[in-house]
Amino acid sequence: MEQILFIQTGFGVDVHGQNITKAAERAVRNAIFTNSMPGIQGLLPDGDLQNMVVNIKLALPCDADKLDEDTIRAIIPYGTVTIEKMAGGMMTTSGIFLEDKEDKNDLMYIVNASVETGY
């Protein structure tokens, strides 16, 4: 990325089911869904939203190999999206095991996200 214009951060939790993709998707949505960037087209080369570059950094507590990166990329509607996975986040007890929620154990997964937008 030549120029970072915005950095947004968020976190996401999957309380039941131990699904790292669900927690990561929630983290990225948390980072971007309360923001508006009305002037971004004027800052991008040729004023084209497809020239936007988005780097998503995810701090995952486990199961990085199970992350569905296509699901995460699909959240971003324009440009080129890259995903960087790193150790982090948290696993902690949800306090209850619910088999009908597809729990494998009583853990919840917490993922942190940083979404860098630029060109």
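Summary of the structure given here.

Rules of the game
Numbering of residues starts from 1 in each chain and follows the order in which that chain's sequence is written. A pLDDT threshold of at least 70 governs which residues receive local features in this predicted model, and a stricter bar of 80 or more applies before side-chain atom pairs are shown or counted, although totals over entire chains, interfaces and linings include all residues. Each side-chain value is derived from all of the structure's non-hydrogen atoms; neither hydrogens nor water enter the calculation. Counting from the N terminus, the helices are the DSSP runs of H or I reaching at least four residues and the strands are the DSSP runs of E reaching at least two. Burial classes follow relative accessibility: with a 1.4 Å probe on protein chains only, a residue under 20% of its type's maximum area counts as buried, one over 50% as exposed, and anything between as partly exposed. Here, residues are in contact when the closest pair of their heavy atoms is within 4.5 Å. All accessibility values rest on the Shrake-Rupley procedure with a 1.4 Å probe; residue burial counts only the protein chains present in the view. Points on a 1 Å grid over protein atoms alone make up a cavity when a 1.4 Å probe fits among them but cannot get out, and a pocket when they form an open set with protein on both sides within 12 Å along at least five of seven lines; lining residues each have an atom within 4 Å of a point. Grid points are joined across faces, edges and corners, and a volume is the space filled by probe spheres set on the points. Three categories are distinguished: nonpolar for Ala, Val, Leu, Ile, Met, Phe, Trp, Tyr, Cys and Pro, charged for Asp, Glu, Lys and Arg, and polar for the others, with Gly belonging to the last.

**Some points on the overall build of the protein**
Next up, step 1: When helices and strands are tallied, the protein shows three helices and five strands.
Next up, step 2: Each helix (α) and strand (β) of the protein, taken in turn from the N terminus, gives the series β-α-α-β-α-β-β-β.
Next up, step 3: By the burial criterion, 37% of the 119 residues in the protein qualify as buried.
Next up, step 4: Taking as baseline every contact in the protein between residues at least 6 positions apart, the subset at least 24 positions apart corresponds to 75%.
Next up, step 5: Within the structure as shown, the protein displays about 6,600 Å² of accessible surface, and the carbon and sulfur contribution to it stands at 49%.

**Side note on the side chain of Thr21**
Next up, step 1: The topology assignment puts Thr21 in helix α1 (residues 20-32).
Next up, step 2: Residue contacts for Thr21: discarding those within four places in its chain leaves Lys66, Leu67, Asp68, Thr71 and Ile72.

**A closer look at the layout of surface pockets**
Gaps left between atoms show up when a probe the size of a water molecule is rolled over them.
Next up, step 1: Size it by volume and the largest pocket reaches roughly 250 Å³.
Next up, step 2: Lining the largest pocket are 14 residues, with Ile32, Met37, Met52, Pro77 and Tyr78 sitting closest to its centre.
Next up, step 3: A per-class count over the lining of the largest pocket returns ten nonpolar, four polar and no charged.

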